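Inside the fold
Now for the letters of each chain:
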Amino acid sequence: MKKLSIVMLLIFQLPLLSQDWVTFDRIVATVNSQPVIESQLETMYQISLNRTDSKKKLTRKQEQDLRNSVLDSLINEAILYQIADDESIIISDDRVQLQINDMMKYNGFTDLEKFKKSVEQNEKLPYDVYVSEIKKQLTMEQLMIYAVDFVPPTEEDAKKWYDDNKANLIQVRFQRILISPKNDSFGEEKRANELAVE
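Described below are features of the structure shown in this document. (Residues numbered from 1 in each chain as written. Predicted model: local features only at pLDDT ≥ 70, side-chain atom pairs only at ≥ 80, totals over all residues. Heavy atoms only, no water.)

Let us now look at unusual backbone geometry. Apart from glycine, the bulk of residues carry a negative phi angle, and the bulk of peptide bonds sit in the trans form. Positive phi values are uncommon outside glycine, yet N32 reaches one of about 55°. Position of N32 relative to the elements: it lies in the loop between β1 (27-31) and β2 (34-37). A positive phi angle, near 50°, is found at K124, a position not held by glycine. (Helix = DSSP H or I, 4+ residues; strand = E, 2+ residues; numbered from the N terminus.)

Space inside the largest pocket adds up to approximately 710 Å³. Looking at the lining of the largest pocket, the elements with two or more residues in it are α4 (93-106), α5 (112-122) and α8 (186-197). Its residues assigned to classes, the lining of the largest pocket shows eleven nonpolar, seven polar and three charged. Of the pockets and cavities examined, the second largest pocket occupies roughly 220 Å³. For the second largest pocket, the lining is made up of 14 residues, of which M44, S48, R51, S73 and E133 are closest to its centre. Residue assignment for the lining of the second largest pocket shows that the elements contributing at least two residues are α2 (38-51), α3 (60-86) and α6 (127-147). In terms of residues, the lining of the second largest pocket owes the most to one element, α3, which gives six residues. Broken down by class, the residue content of the lining of the second largest pocket amounts to seven nonpolar, three polar and four charged. (1 Å grid on protein atoms, 1.4 Å probe; cavity = no way out; pocket = protein on both sides within 12 Å on 5 of 7 lines; lining within 4 Å. Points joined across faces, edges and corners; volume = space filled by probe spheres on them. Nonpolar A, V, L, I, M, F, W, Y, C, P; charged D, E, K, R; others polar.)

Below, the discussion takes up the pairing of β2. Across four bridges, the pairing between β1 and β2 is antiparallel. Within the sheet, the bridge partner assigned to A29 lies in β2 and is V36. (Pairing = 2+ DSSP bridges.)

Turning our attention to the environment of N50. Within the secondary structure layout, N50 lies in helix α2. Placed 73 residues apart in sequence, N50 and E123 show a C-alpha to C-alpha distance of 9.9 Å.

Right, let's talk about the packing of α3 against α6 for a bit. Interhelical geometry of α3 versus α6 gives an angle of 50° and a closest axis separation of 10 Å. Our classification of the angle between α3 and α6 gives oblique. At the point where α3 passes α6, the crossing takes the left-handed sense. Seen from α3, the contacting residues are S73, E77, L80, Y81, I83 and A84; seen from α6, they are S132, K135, K136, T139, M140 and L143. Broken down by class, the residue content of the contact of α3 with α6 amounts to six nonpolar, three polar and three charged. (Axes fitted to C-alpha atoms, helices over the stretch in contact; angles between N-to-C directions. Parallel < 35°, antiparallel > 145°, perpendicular 65-115°, else oblique. Left-handed = near helix turned anticlockwise from the far one by under 90°. Contact = heavy atoms within 4.5 Å.)

With that out of the way, let us pick up a nonpolar patch on the surface. On the surface, M140, M144 and V148 cluster together into a nonpolar patch covering about 290 Å² of accessible area. Within the fold, M140 resides in helix α6. (Patch = residues over 30% accessible without salt bridge, like charges linked within 9 Å, V, L, I, M, F, W, Y side chains within 5 Å. Areas by Shrake-Rupley, 256 points an atom, 1.4 Å probe, with all protein chains shown as cover. Salt bridge = Lys/Arg side-chain N within 4 Å of Asp/Glu carboxyl O.)

To continue, consider the packing of α2 against α3. α3 packs onto α2 with a crossing angle of 120° between their chain directions and a minimal axis gap of 9 Å. In this view, α2 runs oblique relative to α3, as classed from their interaxial angle. Of the two elements, α2 crosses α3, and the hand of that crossing is right-handed. The residues of α3 that touch α2, namely those facing Q40, L41, E42, M44, Y45, S48 and L49, are E63, L66, R67, V70, L71 and L74.

Below is the structure:
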């Protein structure tokens, strides 16, 4: 009976062993031990392609340059997150949401769904990718704060520097005129830019 069950098991397993392996995804780069996979590259490439001037067909070289640029960006992103992880820099989802809320308020949105649609239309970017870009930006800002160990000068240091360099300083006066668009349309923004140039 034992021999029969082993033979039966082998008979049923044999067809499975003869099947070819199916590739689900391919590693296109490795950053330290973290892989960058082809599906990730292809998704970001398509997003970048959609964000370019859609009326203009890219040449094969331009497509390859864009693909390489996207791959470089993914590699840089992996490095950024590895450094942030090494330095114990963590950007929480709550922090990302606070940034989004600030951006909504700045752009005059109160409804998240309308903001999502606006992002997808104006930025030509899926909202989830937009959120990950905000997280990446916040991570980079935190890394820069950590990397640049800036200690502001004391008041005495500032006075000493001023006294030592007083002869080399010049006085500058300037005025700032703010011309803001009346609404979010591109036409209104163009009008405001033309007024600013005058």
